[in-house]
Amino acid sequence: MTALEAHQPLYVPPLDWFTEDGVHYGIDGAAPNWVALDGRGRALVERIATVPGAVTAADLVTWYASAERCEAAKALIHVHDLLAGLARAGMLSQDPVSHPSYPGRLALSAPDGLAELWLQINNACNLSCTHCLVSSGPGEAEGPPADWLVQQIDAAAQLGLERLYVTGGEPFLRRDLVDLLRHAAATLGLDVIVLTNATAFSAGVRRQLVELDREQVKFQVSLDGTQAATHDRFRGLGAFAQALDGIRFLTEHDFDVSITTVVTTHNLAELPEAPALTRDLGAASYHLMWMHKRGRAAASANGFFPDVADIVRVTMETADAAEASGVPLDNVEAVKRRVNGVPGVKYDFGNAGWDSLCIFHDGKVYPSAALAGEPALVCGDLTQSDLRTMLAVSPVVHGLRAASIACKAVVHDDPLRFLTGGGDWEHAWCFSGGDPFAPDPYYPVTQALIRRVMTTLGREKRDRLNHRSGYDAPVVLHAMGEGAIACGTADGALAERPVLPLHSNCVLSFDVDKPRRAVREYYGAAAESPKADLCCPTSYDRSMTDHIPQDVLDRFYGCGSPVTRAAVQLGEMMLDLGSGAGIDVFIAAKLVGAGGRAIGIDMTDEMLSVANSCRPAVATNLGYDVVEFRKGFLEAIPVESGTVDVVTSNCVVNLSPDKPRVFAEVWRVLADHGRLVISDIVSDRPVPPHLRVNPKLWGECLVGALTEEQFMAELERAGFYGLTVQEKSFWKEVEGYAFSSVTVAGYKFEKMDGCVFQGHRAVYLGPGKIFVDEEGHQFMRNEPYEVCTDTVAKLQRPPYADMFALLAPHEDRVSYACCTVGADCC
């Protein structure tokens, strides 16, 4: 919608609110969707909601000007920008907002085949853990023959299998395990995760393991404490030392390892120490698992189950410790995938029985490994049937697929219900004695994690606001889904389904860095072998590039010519982001001359190698060397603050998963009155999730694009003023979505600590009747307005210098044309 159709009634959905640390969180529980706002933003939203359909944008401007005691022009900007942000977030409409009654997940989204399979290949274990769910140990069942297991995995692959979880018992007691893993990963192309205690790695096993593909085979290792005394209490004397040795072996050989701890009263106090241990061991992540009330733990009744309030407290402490250690806490990351996922996607019940099954060591099939052995949950017996038939006819499968949060009355009034998924039905089953719709005892933990993710995002965005540029509209601090698809937070093919199931809490990791990895691989290949038409083609005048080797010219993948439009001057320091093979940096080197500097930033080793290999030839051709290339990400530019005169980038910002941080970083590194000129790709409307995760289209600079309106809004929010679109041209269309190349220029001005009025006046020279700047200052043509020293400094420089006459204190003048402070008048 157009945010400021002055007399059009406005509507917002019914929202539940909570406030923390001055940030207000409005939740549309029925969608689900949410936004984080400051107090002014919430006040505007609540004014719309007070009498739905009775408030217009014009009403809001009038009310806001009075409430905030500001000029009408500033009120107009502030209201406009908030409404535009709400509209982008799906939180504003010109029509009444109503949500249809939720019919349950099966009515909206039916599972297709089998996405994952759990394989309990034995019940034998070298340990007899006191909390084992399936009571495994020495002398227990060794499991079915390897050829039978291969047959079942192959059958699952025919049903669309993507991921295989291998567990026991202890899987590594089987000598044929590595052959099984190799078949699943190398032959079938499956992602394979092995759940192990890491204490049974014989010399022979280790020799076999190092031959496995690190990208496809990953490990989750159990540690029940950070001290030997705690861990060995559960697993037996010496188990802790053996487990650490096994973990180190895996990490030293570059396997991804997640360490998991089952939370009990006995290890509760140690949990915040675990992330640091995880980091020191070289593991990829840490994971807290909530105890199921079954197996030996339930039978012993010996205090395995802590009070849930204590679990919430310690989980938050562990999350804090994980952040401090730089280690992902899987529980937080999994919740983040939902909380900051695609708005409107409902999470409902679990994936056990939906698109995931577990083959037990005796050939019986269950919905999940955590509930394997539960007589009431047998889906069938593979000695008498097959997986395809079970999915078609099993009453257990049908019952679980029909199960829905719609049938779980205990969460109906929770605005977070479609983010919690209603809780974990497997825990509900265990603690209730067999009712999947019973309360999940760990539900408060999930709620606390959801609020943590929301408040972390809201607080981070609030703290990142630029208060030094003068732009202070009540923008949407964070909208659900910002950065979600780009960061791999949700799978694009799934994200357009209206309903998704929760994943089993038993394994949550191994889904990170997808887009960046895809971009690195794509552009790494482009560096080694040039790709034609990687981005919309742009050519430079030969006089600008005659000093540059052909190897660089062959690897130019830009969509504009920002370095030539930036009017780079002799002696300036120029910075190019995503410099690739270095063409724009080498052009800038010619423009800045021997007294300037030209720096390129790129994250791709192959591109940096090409650029650095060609640097000596450029220096020879120019007769001087002012070029430097640095490795880094756009979100953390490796350049000192306030040192750069001009920043350019050429078709790379769309590749970033966090574009607002990129723009903030550009503002940081620019010197006062510095400028940016960015050529990039924009879309005519928001790009849908399934396109956003297409790695080829990401590499082609398309599906990571913002709309032009959002691109400009994010630059303005970062603090840039004087924004202009210098050039725009259509590039291509994908599935009806139009993509164009734009070149945008903007400027940095950092306000002083106080705005001082000394009697300066500014006169807008036209051609318009009125001019309003980013801060809401309003100037009628040919009329002097008193302005502070900050505004004088801004208006006497580009791009406003030719638009204003600036009068010194007590200065009178007959004609305003051509005049600025300190200049000779015409």
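No experiment lies behind these values; they were computed from the predicted model shown. (Residues numbered from 1 in each chain as written. Predicted model: local features only at pLDDT ≥ 70, side-chain atom pairs only at ≥ 80, totals over all residues. Heavy atoms only, no water.)

**Focus: helix H8 (residues 228-235)**
For an α-helix, the turn length of 3.6 residues means that residues three or four places apart are oriented alike. Our working definition: The classification of residues rests on relative accessible area computed with a 1.4 Å probe and restricted to protein chains. Under 20% of the type maximum is buried, over 50% is exposed, and intermediate values are partly exposed. Numbering of helices and strands starts at the N terminus; helices are DSSP runs of H or I of at least 4 residues and strands are runs of E of at least 2.
Burial in H8 covers these residues: Thr230, His231, Asp232, Phe234 and Arg235. At the C-terminal side of H8, Gly236 shows a positive phi close to 110 degrees.

**Describing the pairing of strand S24 (residues 761-764)**
In the case of a regular strand, side chains alternate between the two sheet surfaces. Stated precisely, the cut-off is as follows: Two strands pair under a simple rule: DSSP has to find at least two bridges between them.
Relative to strand S27 (residues 784-786), S24 is paired through 3 bridges, and the arrangement is antiparallel. What sits directly across from Arg761, in S27, is Glu786. Across 4 bridges, S24 lies against strand S28 (residues 804-807) in antiparallel orientation. Considered in S28, the bridge of Arg761 is made with Leu807.

**As for the side chain of Asp348**
For clarity, the threshold we go by: Only four residue types enter the charge count, namely Lys and Arg as positive and Asp and Glu as negative; His and the chain termini do not. Within this document, salt bridges are pairs made up of a side-chain nitrogen of Lys or Arg and a carboxyl oxygen of Asp or Glu, the two lying within 4 Å of each other. Definition of a polar contact: a pair of N or O atoms within 3.5 Å, with one able to donate and the other able to accept a hydrogen when the atoms are protein atoms, and with sequence-neighbouring residues admitted only if both atoms are side-chain atoms. Should any heavy atoms of two residues lie within 4.5 Å, those residues are counted as being in contact.
Topologically, Asp348 is positioned in strand S10 (residues 346-350). Lacking a salt bridge, the buried Asp348 has Arg105 as its closest oppositely charged neighbour, with an N-O distance of 4.9 Å. A polar side-chain atom of Asp348 sits 2.5 Å from the main-chain amide nitrogen of Ile405. Non-local contacts of Asp348, meaning those with residues more than four positions away in its chain, are made with Tyr102, Gly104, Arg105, Ser404, Ile405, Gly421, Val499, Leu500 and Pro501.

**Things to note about helix H3 (residues 72-88)**
Worth spelling out the cut-off: One less than the residue count of a helix, multiplied by 1.5 Å, gives the span that helix is expected to have.
Here H3 is 17 residues long and its end C-alpha atoms lie 24 Å apart, about the 24 Å a rise of 1.5 Å per residue gives. Within H3, the full set of buried residues consists of Ala73, Ala75, Ile77, His78, Val79, Asp81, Leu82, Leu83, Ala84, Gly85 and Leu86. Where the residues of H3 are buried, they touch strand S3 (33-37), helix H1 (39-50), helix H2 (57-68), helix H29 (708-718), strand S25 (770-772) and strand S26 (778-780). Just downstream of H3, Gly90 is the residue with a positive phi angle, here 75 degrees.

**Things to note about the nonpolar core**
Inclusion rule: The definition of a nonpolar core used throughout is a set of buried Ala, Val, Leu, Ile, Met, Phe, Trp, Tyr and Cys residues joined through side-chain atoms within 4.5 Å.
In terms of nonpolar packing, the biggest core is built from 123 residues, with Val192 and Met454 touching the most fellow members. In contact with Val192, not counting residues within four places along its chain, are Leu164, Val166, Leu181, Ala184, Ala185, Gln216, Val217 and Lys218. Judged by nonpolar contacts, the second largest core, of 29 residues, contains Ile599, Ile637, Leu676 and Ile678.

**Description of unusual backbone geometry**
Ala31 connects to Pro32 through a cis peptide bond whose omega is -10 degrees. Each neighbour pair has its own omega, and for Gly766 with Pro767 the value is 15 degrees, a cis peptide bond. Among the structural elements, Pro767 can be located in the loop between S24 and S25. The residue His673 is not glycine, and still its phi comes out positive at about 70 degrees. Relative to the assigned elements, His673 resides in strand S20 (residues 670-683). The backbone phi angle of Glu735 is positive, close to 55 degrees, even though this residue is not glycine. Along the polypeptide, Glu735 turns up in the loop between strand S22 (721-734) and strand S23 (737-747).

**Describing the confidence of the model for the chain**
Low pLDDT means the predicted atomic positions in that stretch should not be read closely. Formally: A residue's pLDDT is the predictor's confidence in that residue, given on a scale from 0 to 100.
Residues with a pLDDT of 70 or more make up 89% of the chain, whose mean pLDDT is 89. Below a pLDDT of 50 lies the segment residues 487-493, which in the model reaches 19 contacts outside its immediate sequence neighbourhood of four places, other chains included. Every residue in residues 512-532 is under pLDDT 50, and counting partners more than four places away or in other chains gives 49 contacts.

**A look at the packing of aromatic side chains**
Keep this limit in mind: Any Phe, Tyr or Trp ring, taking Trp's six-membered ring, that has another such ring centre within 6.5 Å forms a pair; planes under 30 degrees apart are called stacked, those over 60 apart edge-to-face, and the others tilted. Placement of a positive charge over a ring is assigned whenever Lys NZ or Arg CZ falls within 6 Å of the ring centre and within 35 degrees of the normal to the ring plane.
Tallied over the entire structure, the rule returns 26 aromatic pairs. Ring plane angle 25 degrees and centroid distance 6.3 Å describe the contact between Phe172 and Phe219, whose orientation is recorded as stacked. Of this pair, Phe172 sits in the loop between strand S5 (163-167) and helix H6 (177-187) while Phe219 is found in strand S7 (residues 217-222), placing the two residues 47 residues apart along the sequence. What makes Phe172 buried here is its relative accessible area of 5%. When the centroid spacing of 6.0 Å and the interplanar angle of 40 degrees are considered together, the rings of Tyr721 and Tyr747 count as tilted. Remark: Tyr747 occurs in strand S23 and Tyr721 occurs in strand S22; sequence separation between them is 26 residues. An aromatic cluster is built from Tyr721, Tyr747, Tyr764, Phe771, Phe779, Tyr785, Tyr800 and Phe804, whose rings are joined through pairwise contacts. Between Arg214 and the ring centre of Phe255, over which it is positioned, the NZ or CZ distance is 4.3 Å. Residue placement shows Lys794 over the ring face of Tyr721; its charged tip is 4.8 Å from the ring centre.

**Re the sheet that holds S27**
Our working rule: The convention used is that axes are lines fitted to C-alpha atoms, helices contributing only their stretch in contact, and that angles between N-to-C directions extend from 0 to 180 degrees.
Strand order in the open sheet formed by 3 strands is S27-S24-S28, and the pairing between neighbours is antiparallel. Sheet topology places S27 and S28 at the edges, where each strand pairs with a single neighbour. Ignoring strand direction, the axes of neighbouring strands in this sheet form an average angle of 30 degrees.

**Re the state of the cysteines**
Defined as follows: By disulfide we mean two sulfur atoms from cysteines, separated by a distance within 2.5 Å.
The tally for this structure, following the rule as stated, stands at 1 disulfide. Shown here is the disulfide that connects Cys755 with Cys788, its sulfur atoms set 2.2 Å apart. One disulfide, between Cys755 and Cys788, carries an S-S torsion of -110 degrees and so falls in the left-handed class. Within this pair, whereas Cys755 is found in the loop between S23 and S24, its partner Cys788 is found in the loop between S27 and helix H30 (789-795), the two being separated by 33 residues in sequence. Overall, the relative accessible area of 40% leaves Cys755 in the partly exposed class. Looking at the unpaired Cys358, the closest cysteine sulfur is the one in Cys379, lying at 9.5 Å.

**Quick look at the environment of His467**
Within the secondary structure, His467 is located in the loop between helix H18 (443-463) and strand S14 (478-479). For the pair His467 and Arg717, spaced 250 residues apart in sequence, the C-alpha separation works out to 9.9 Å.

**Examining the sheet that holds S5**
Here we have 9 strands laid out as an open sheet, ordered S9-S8-S7-S6-S5-S4-S11-S12-S13, and mixed in their pairing. In the strand order of this sheet, the two ends are held by strand S9 (285-290) and strand S13 (380-381), each with one partner. With 2 bridges joining them, strand S12 (residues 364-366) and S13 adopt antiparallel strand pairing. Looking at the pairing, Lys364 lines up with Asp381 of S13. Each of strand S8 (257-263) and S9 is contacted by helix H13 (residues 330-339), which is oriented at about 85 degrees to S9, the strand it contacts most.

**Re the pairing of S20**
The line we're drawing: Place the viewer so that the strands point away; then a crossover is right-handed whenever the path from the first strand over the helix to the second strand goes clockwise.
Taking burial as the measure, the 14 residues of S20 include 12 buried ones, the bulk of the element. Direction of pairing for strand S19 (residues 644-650) relative to S20: parallel, over a ladder of 6 bridges. Paired with Asn650 across the strands is Ser679, a residue of S20. After leaving S19, the chain enters helix H26 (residues 659-669) and then returns to the sheet as S20, a path that is right-handed. Two strands pair when backbone bridges link them, and S20 and S23 are joined in this way by 9 bridges, in the antiparallel orientation. Directly across from Ile681, in S23, lies its bridge partner Ser741. Where S20 lies against strand S21 (residues 706-707), 2 bridges are found, and the strand directions are parallel. What sits directly across from Val682, in S21, is Leu706.

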